[in-house]
Amino acid sequence: MFSIRAHNLSKAYRIYHTATGDRQLHTYRTLREDIMWIAKTAVTRPSDFFQKRTSEMFYALRDVSFEIGQGEVVGIIGRNGAGKSTLLKVLSRITEPSGGSAEIRGRVGSLLEVGTGFSGELTGRENIYMNGSILGMRRKEIQRHFDEIVAFSEVEQFIDTPVKRYSSGMYMRLAFAVAAHLEPEILIVDEVLAVGDLAFQKKCLGKMDDVSKQGRTVLFVSHNMQTIRALCPRCILMKQGKVVLDGDTNTVIDIYNREVSQSDVDARTAITDSRLRRGSGEVRFSGIHVKDVAGNKPTFFEMGSTLRFELSYEVFAPVQGISATIVLKSGRSGEMVTSVKHVVTERRLAAGETGTFVIELPKANLRPGEYPLYFWLGKSTNHPYDVVDGLTAPLMIQTEKSADELSFDPSKPFGIFDIESYLKDER
Amino acid sequence: MPASESILPAKSTITNDLPITTIKPSSGWAALNLREIWDYRDLLVTLATRDLKIRYKQTVLGVLWVILQQFVSVLIFAVIFGVFAQLPSDGLPHAVFINTGFLCWNLFNGVTSRVANSMLGNSNLISKVYFPRLLIPLAGVMSVLIDFVITAGVTAVFLFAFKIPLTLNILALPFFMLLTILIATGIGLVLATLNVQYRDFVYAMPFMLQVLFYASPIIFPSSMITDKLSTLFAENALASWFGFLFTLNPVVGLVEGFRWSLLGKSSLTPAMVISDIIFAIALFAIGTAVFRRFERRFVDVI
């Protein structure tokens, strides 16, 4: 029995050409702009005047079709701008599709970004009731789950404090607790778990597992591949508003990673998304390649092999000297695991200059796993020119050695670094 | 989690008879879905109480502000226009006369501006969850009604102080209130829709409302205008023409209606009542239709 059935779902946004010639995504306009546009068109191109205002369409979703059975837990992955969030918004009825249709069986509880539908002035208690009534629940029903929600969210002490005074962690905990406990038949969770601490993330994942065991459907968007692998047997890969792959999670993620590693980062990639790219922009990475000794770009690196980071940069404004840092993060928690920093040059660089340098990590003793990468280019710690954070494919380490040759179980690698150890003086 | 476990057996009965929602692009004009609004009545109450809480939570005087505001503005206007300017007041004490005008105007003004600003003020909610969007402006209307009860109390004090006896006319007050709310909500909904699209209205609205305030018989009786017109253009068709223009302002009939109900006499004419009934039906219908027509685009624009 289906729980969500999407049929050629599309969502188009109109990109207007404003009077000043700028292209802007269909957003709020001012009367002045509209009047200016009319005036300008009337004068310069009277022939166009009676035609439709020039605009082009941007498809955030294009002919998306899939069917999700009841009780399935499905992960949705894809790069930023692939349409994941738009899809969730359409399915939660926040925004209307421009084409196609979707059928949804039962109520949808959605947790999109931090603090779904919370009102800052209201207390935690009041927000729980408000969210319940948004889901269409009666007061009595909400009361039944109230204690459970409070206990799960660990905000007992602050339940009568306006949520605007909550820390982002508390906010998120309460939001998740509300969404997961108010028993919607479909739970939609968008990349929110990154906010909470590790222990709570675990708790949430456990809860999502519970929810699915009760026969409820879970749709989960995340950039954390390890979480997706752990939680979702099925995964949908989206690209440019389309579903490009739908199937077994491990297969889909491997294909995705291969694709990401092949797509190159240049000076402009994701520059508008501060989660992925930040910095003042005097110098930008114009190329990031992770290679092995032979100069290949493998999807998986053998544990203990040499990693060569080939980094290119382009100077946009004169600077004095460049330093570069590479940080390895944990695929589970996102914590920074280790970092290396090098002064690339101390000389003055003029705008337009480009360069390439290599940072080599010989015999990187990382245990099998996924390591998201963070690249930093700057002068001093508090003045980054460019930060590329999780934009490239994560570093994937595996090992072909058997358990006998290793000091850990390769099927369940625990920890991050492979350190040497010997059994001595057996008595 | 033992707590969640305990409710599992009872609740694990997800069956085929769950309602199926179909999501597809809508087109054209949508009808007012009263059924859906009724289903969400709990949320409507929650949103209205939230509106009130937000307004009074961090104020020391709280509700006293509404009373104080009413008293002070009535006093100022009564002194300036009654004592110094000596405007007519249909033979009523100025304070009572102006206070009644304010009672009506505050309801009209409150509903219009609350409804008009409701969508922008709740963009956070709109972009995160689905519920019938009309609930937000309606909740605004409800919270203004609470304010109205308070200012009505102030009015009662004025009536008592000036020994104005209540007549059976008071029974017509709910009717004029309803007209006021329908007209103001209708205008507010159109403005709310425009507000989302063009932020200009955020600035233009207070100004437009101020113009309307002085064009309405709040500090003067409408008889003053009609009298003046007849002396200016004695027996001229122009007089009735301007008089007609004046009564085209729906607020004229509302204010005079309030006065008629509470004070027993006013310059209310049957024509004003009839035109306001037409206004109420037409504006409310237009307002909800426009709002429903464009609400599906709010999220993409806001």
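Residues numbered from 1 in each chain as written. Chains lettered and ligands numbered in written order. Predicted model: local features only at pLDDT ≥ 70, side-chain atom pairs only at ≥ 80, totals over all residues. Heavy atoms only, no water.

(A) Inspection of the overall build of chain A at higher detail. When helices and strands are tallied, chain A shows eight helices and 21 strands. Out of the 427 residues in chain A, the part that is buried amounts to 52%. Expressed as a percentage of contacts within chain A between residues at least 6 apart in sequence, the contacts between residues at least 24 apart total 69%. Of the accessible surface of chain A, which amounts to about 19700 Å², a share of 50% is contributed by carbon and sulfur atoms. (Helix = DSSP H or I, 4+ residues; strand = E, 2+ residues; numbered from the N terminus. Buried < 20%, exposed > 50% of the residue type's maximum accessible area, 1.4 Å probe, protein only. Contact = heavy atoms within 4.5 Å. Areas by Shrake-Rupley, 256 points an atom, 1.4 Å probe, with all protein chains shown as cover.)

(B) Quick peek at the overall build of chain B. The secondary structure content of chain B amounts to 13 helices and one strand. Out of the 302 residues in chain B, the part that is buried amounts to 48%. Counted over contacts in chain B with a minimum sequence separation of 6, partners at least 24 positions apart contribute 84%. When the accessible area of chain B is evaluated, it comes to approximately 14300 Å², of which 71% is carbon and sulfur surface.

(C) Spotlight on the environment of Asn127 of chain A. All names here are of chain A. The topology assignment puts Asn127 in helix α3 (residues 124–134). For Asn127, a relative accessible area of 0% gives the class buried. For the pair formed by Asn127 and Leu174, sequence separation is 47 residues and the distance between their alpha carbons is 9.3 Å. Leaving out residues up to four positions away in the same chain, Asn127 has contacts with Gly117, Phe118, Ser119, Leu122 and Val163. Within the structure, Asn127 has its side chain in polar contact with the backbone oxygen of Leu122 (distance 3.3 Å). (Polar contact = N/O pair within 3.5 Å; in protein donor to acceptor, adjacent residues only side chain to side chain.)

(D) Seen up close, the interface of chain B and chain A. Across the contact, 52 residues belong to chain B and 62 residues belong to chain A. Around 5000 Å² of area is buried between chain B and chain A when both sides are counted, 57% of it from carbon and sulfur atoms. Viewed at the interface, chain A and chain B are joined by two salt bridges. A salt bridge links Asp42 of chain B to Arg138 of chain A; the nearest nitrogen and oxygen atoms lie 3.0 Å apart. For the interface between chain B and chain A, the tally reads nine residue pairs in polar contact (both at pLDDT 80 or more). Sorting the residues of the side of chain B that touches chain A by element identifies α1 (2–11), β1 (20–23), α3 (41–56), α6 (123–126), α8 (173–197), α9 (200–215) and α13 (270–301) of chain B as the ones contributing at least two each. In terms of residue count, the dominant contributor to the side of chain B that touches chain A is α3 of chain B (eight residues). When grouped by side-chain class, the residues that make up the side of chain B that touches chain A number 24 nonpolar, 12 polar and 16 charged. Bridge count for strand β5 (residues 99–105) of chain A against β1 of chain B is four bridges, and the pairing is antiparallel. Each bridged residue has a counterpart across the sheet, and for Ile104 of chain A the counterpart in β1 of chain B is Thr21 of chain B. (Buried area = accessible area lost by both parts, 1.4 Å probe. Salt bridge = Lys/Arg side-chain N within 4 Å of Asp/Glu carboxyl O. Nonpolar A, V, L, I, M, F, W, Y, C, P; charged D, E, K, R; others polar. Pairing = 2+ DSSP bridges.)

(E) Expanded view of the packing of aromatic side chains. All names here are of chain B. By the definition in use, this model includes 17 aromatic pairs over all chains. Considering the side-chain rings of Trp105 and Phe108, the 5.5 Å spacing of their centres and the 35° angle between planes classify their relative orientation as tilted. Taken together, the residues Trp105 and Phe108, both in helix α5 (residues 94–121) and three residues apart, mark about one turn of the helix. Note on Phe175 and Phe176: the rings are 5.3 Å apart at their centroids and 65° apart in plane angle, and the pair reads as edge-to-face. The exposure class of Phe175 is partly exposed, given its relative accessible area of 33%. A residue is classified by how much of its surface remains accessible, and Phe176, at 4% relative accessible area, is buried. (Phe/Tyr/Trp six-rings, centres within 6.5 Å; stacked < 30°, edge-to-face > 60°.)

(F) Region of interest: unusual backbone geometry. Unusually for a residue other than glycine, Gln240 of chain A sits at a positive phi of about 45°. Within the element layout of this structure, Gln240 of chain A appears in the loop between β9 (234–239) and β10 (242–248). On the accessibility criterion, Gln240 of chain A (62% relative accessible area) is exposed. One non-glycine residue with positive phi stands out, namely Lys163 of chain B, at about 50°. With respect to the helices, strands and loops of the structure, Lys163 of chain B is situated in the loop between α7 (135–161) and α8.

(G) Representation of the sheet that holds strand β17 (residues 354–361) of chain A in the model. Residues and elements named next belong to chain A. One open sheet holds the three strands; their spatial order is β12-β14-β17, and the pairing between them is antiparallel. Two strands in the sheet have a free side with no partner beyond their single neighbour: β12 (283–291) and β17. Taking each pair of neighbouring strands and ignoring which way they run, the sheet shows an average axis angle of 20°. Bridge count for strand β14 (residues 307–315) against β17 is eight bridges, and the pairing is antiparallel. The residue bridging Arg308 from the neighbouring strand is Glu360, located in β17. (Axes fitted to C-alpha atoms, helices over the stretch in contact; angles between N-to-C directions.)

(H) Region of the structure containing the packing of helix α12 (residues 250–263) of chain B against α13 of chain B. All names here are of chain B. It is at 9 Å that the axes of α12 and α13 come closest, and there the two elements cross at 120°. In terms of orientation, α12 lies oblique with respect to α13. The hand of the α12/α13 crossing is left-handed. Contact with α12, carried on its side by Pro250, Val252, Gly253, Leu254 and Glu256, involves Met272, Asp276 and Phe279 of α13 and no other residues of that element. Its residues assigned to classes, the contact of α12 with α13 shows five nonpolar, one polar and two charged. (Parallel < 35°, antiparallel > 145°, perpendicular 65-115°, else oblique. Left-handed = near helix turned anticlockwise from the far one by under 90°.)

(I) A look at the environment of Ala184 of chain B. Residues and elements named next belong to chain B. Looking at the secondary structure, you find Ala184 in helix α8. Along the primary structure Ala184 and Phe284 are separated by 100 residues, whereas in three dimensions their C-alpha atoms are 8.1 Å apart. Beyond its immediate chain neighbours, meaning those up to four positions away, Ala184 contacts Phe108, Val111 and Thr112.

(J) Representation of the confidence of the model for chain B within the structure. Residue and element names in this part refer to chain B. The predicted model of chain B has a mean per-residue pLDDT of 84, with 89% of residues at 70 or higher. The least confident element of chain B is α1, whose mean pLDDT is 36; the most confident is α8, at 94. Here residues 1–13 scores under 50 on pLDDT; set against residues more than four positions off or in separate chains, the count is 14 contacts. (pLDDT = per-residue confidence, 0-100.)

(K) Focus on the sheet that holds strand β21 (residues 395–398) of chain A. Residues and elements named next belong to chain A. If you walk across this open sheet you meet the three strands as β13-β21-β18, and the pairing is mixed. Two strands bound the open sheet, and with one partner strand each, they are β13 (301–302) and β18 (369–371). One ladder, built from three bridges, connects β18 with β21; its direction is antiparallel. Directly across from Tyr371, in β21, lies its bridge partner Leu395.

(L) Highlighting α5 of chain B. Of all bends in α5 of chain B, the biggest is about 25°, found at Val115 of chain B. The element α5 of chain B is largely enclosed, with a buried count of 22 among its 28 residues. (Bend = angle between axes of the 7 residues up to and from the residue.)

(M) Main features of the nonpolar core. Among the nonpolar cores identified, the biggest contains 104 residues, and Phe66, Leu87, Leu91 and Leu219 of chain A together with Leu47, Phe131 and Phe258 of chain B are the most heavily contacted of them. In terms of residues, this core owes the most to one element, α5 of chain B, which gives 14 residues. When sequence neighbours within four positions are dropped, the list of residues in contact with Leu87 of chain A reads Leu9, Leu61, Val64, Phe66, Ile76 and Met238 of chain A. Phe118, Met172, Cys204 and Val211 of chain A belong to the second-largest nonpolar core, a separate cluster that totals 47 residues. (Core = buried A, V, L, I, M, F, W, Y, C linked by side-chain atoms within 4.5 Å.)

(N) Quick peek at the confidence of the model for chain A. Residues and elements named next belong to chain A. The pLDDT averaged across chain A works out to 83; a share of 89% of its residues lies at or above 70. Mean pLDDT across the elements of chain A bottoms out in strand β2 (residues 23–25) (47) and peaks in β9 (93). Across residues 18–27, confidence stays below pLDDT 50; counting only partners more than four residues off in sequence or on other chains, it has 27 contacts.

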